[in-house]
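Next come the chains, spelled out residue by residue.
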Amino acid sequence: SINIFKSFNNQIEIDIDFPENLSIPIKFEPQSMHWSQAQVTVHSGILKVDGEKYYCPAFSDDLKHDQKFVKLAIDGILKLVTLEEDSVVMIESDNCSSQYKSAEHFYDLQFLADHLKKVIVRIFGIAGHGKGEVDHVGGLAKVTIRREISNGKIFENADDMVTFLCAKFQSNVNPNYHIYNIDPKDLEICRSLNKLLVFY
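On a predicted model such as this, the values are computed, not experimentally measured, just so you know. (Residues numbered from 1 in each chain as written. Predicted model: local features only at pLDDT ≥ 70, side-chain atom pairs only at ≥ 80, totals over all residues. Heavy atoms only, no water.)

*Asks:* If you had to explain empty space enclosed by the protein to someone new, which residues and values would you point to?
*Replies:* Counted under the stated rule, the structure contains one cavity of 30 Å³ or more. Considering only enclosed or pocket space, the largest cavity measures out at about 40 Å³ in volume. If you trace the largest cavity, you find it lined by P57, V137, L140, A141, L165, F169, Y177 and I179. Taken together, the elements giving at least two residues each to the lining of the largest cavity come down to α4 (133-150) and α5 (158-169). Ranked by the residues each element gives to the lining of the largest cavity, the list is headed by α4, at three residues. Its residues assigned to classes, the lining of the largest cavity comprises eight nonpolar, no polar and no charged. (1 Å grid on protein atoms, 1.4 Å probe; cavity = no way out; pocket = protein on both sides within 12 Å on 5 of 7 lines; lining within 4 Å. Points joined across faces, edges and corners; volume = space filled by probe spheres on them. Helix = DSSP H or I, 4+ residues; strand = E, 2+ residues; numbered from the N terminus. Nonpolar A, V, L, I, M, F, W, Y, C, P; charged D, E, K, R; others polar.)

And the structure:
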């Protein structure tokens, strides 16, 4: 049935995966540091629009994998798109209950639809971790970072990784790369606003 949805005219497709942690080791670290490595979060996404494909991994120093992280990841992907009057936004993901199948997620989707004044079609696929192209997006970013660490490079935080990956993949086309940082302060603002909504 997904082909019926994909037959819409002027559609924008977003395929997202759930966030995962990436450890930041040091090439020659003492054994005592092995269990206390810093971590960042990587959220994988793919945008397909007008025959173009964008790999969109989002990085953050915030390690809480909740709906607000997903909300800001989708907002970051949509910044690449100029929506036309008849655009339809299709968002596909797996069935992760805490991040995608929750009342909070549907509230955020309704808010997005009202704000953009666009139809949003939400598609939930079957569980199949590591099986789709969207899993390749985060995997590629992780492998590239780990390879660079093995060559002696030191990354302090998510911002360092984003800067490095943007420089490395800036000339790539089909797919293009949109690598961005989700600021923990923005996440805290989102979470605080959500608590206010629940309170009132």
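This is not the end of the story, as more comes after the structure.
*Asks:* Talk me through the packing of helix α2 (residues 67-78) against helix α3 (residues 103-116); I want residue IDs and the actual numbers.
*Replies:* Helices that pack against each other are described as a pair by the angle of their axes relative to one another and the distance between those axes. Close contact between α2 and α3 brings their axes to 10 Å; oriented N to C, the two are set at 25°. In this view, α2 runs roughly parallel relative to α3, as classed from their interaxial angle. For the element pair α2 and α3, the recorded crossing hand is right-handed. On α3, the residues touching Q67, K68, V70, K71, I74, D75 and L78 of α2 are E104, H105, D108, L112 and L116. (Axes fitted to C-alpha atoms, helices over the stretch in contact; angles between N-to-C directions. Parallel < 35°, antiparallel > 145°, perpendicular 65-115°, else oblique. Left-handed = near helix turned anticlockwise from the far one by under 90°. Contact = heavy atoms within 4.5 Å.)

*Asks:* Can you explain the pattern of salt bridges? Please cite residues and give values.
*Replies:* Across all of its chains, the model carries eight salt bridges by this definition. Among the salt bridges present, the one from E133 reaches K53, with a minimum N-O distance of 2.9 Å. Note that E133 is positioned in helix α4 and K53 in strand β5 (residues 52-55), a separation of 80 residues in sequence. A relative accessible area of 23% places K53 in the partly exposed class. D66 is the partner of R191 in a salt bridge, and the nearest nitrogen-oxygen pair spans 2.7 Å. Of the two residues, R191 is situated in helix α6 (residues 184-199) and D66 in the loop between β6 (58-60) and α2; the sequence distance between them amounts to 125 residues. (Salt bridge = Lys/Arg side-chain N within 4 Å of Asp/Glu carboxyl O. Buried < 20%, exposed > 50% of the residue type's maximum accessible area, 1.4 Å probe, protein only.)

*Asks:* Requested: an account of the sheet that holds strand β7 (residues 88-93), with residues and values cited.
*Replies:* Pairing within the open sheet is mixed, and its six strands lie in the order β8-β7-β1-β4-β5-β9. Every interior strand has two partners, whereas the edge strands, β8 (119-124) and β9 (176-177), have only one. Pairing between strand β1 (residues 11-16) and strand β4 (residues 45-49): four bridges, direction antiparallel. Note on β4: the bridge partner recorded for D15 is I46. Along the sheet face, α2 touches β1, β4 and β7 and points at about 140° away from the line of β1. Set on the sheet, α4 makes contact with β1, β4, β5 and β9; between it and β4 the angle comes to about 125°. (Pairing = 2+ DSSP bridges.)

*Asks:* Describe the packing of aromatic side chains, listing the residues and the values that go with them.
*Replies:* A full pass over the atoms with the stated rule returns four aromatic pairs. Summarising the aromatic geometry, the rings of Y55 and Y177 are spaced 5.5 Å apart at their centres and angled 85° between planes, so their arrangement reads as edge-to-face. Placement of Y55 in strand β5 and of Y177 in strand β9 is noted, with a sequence separation of 122 residues between them. The class of Y55 is buried, set by a relative accessible area of 7%. Geometrically, the ring pair formed by F106 and F124 is edge-to-face, given 6.2 Å between the ring centres and 65° between the ring planes. In this pair, F106 sits in helix α3 while F124 sits in strand β8, placing the two residues 18 residues apart along the sequence. Its relative accessible area of 41% is what places F106 among the partly exposed residues. Under the relative-accessibility criterion, F124 is labelled partly exposed at 26%. The rings of Y55, F169 and Y177 are connected pair by pair, giving a single aromatic cluster. (Phe/Tyr/Trp six-rings, centres within 6.5 Å; stacked < 30°, edge-to-face > 60°.)

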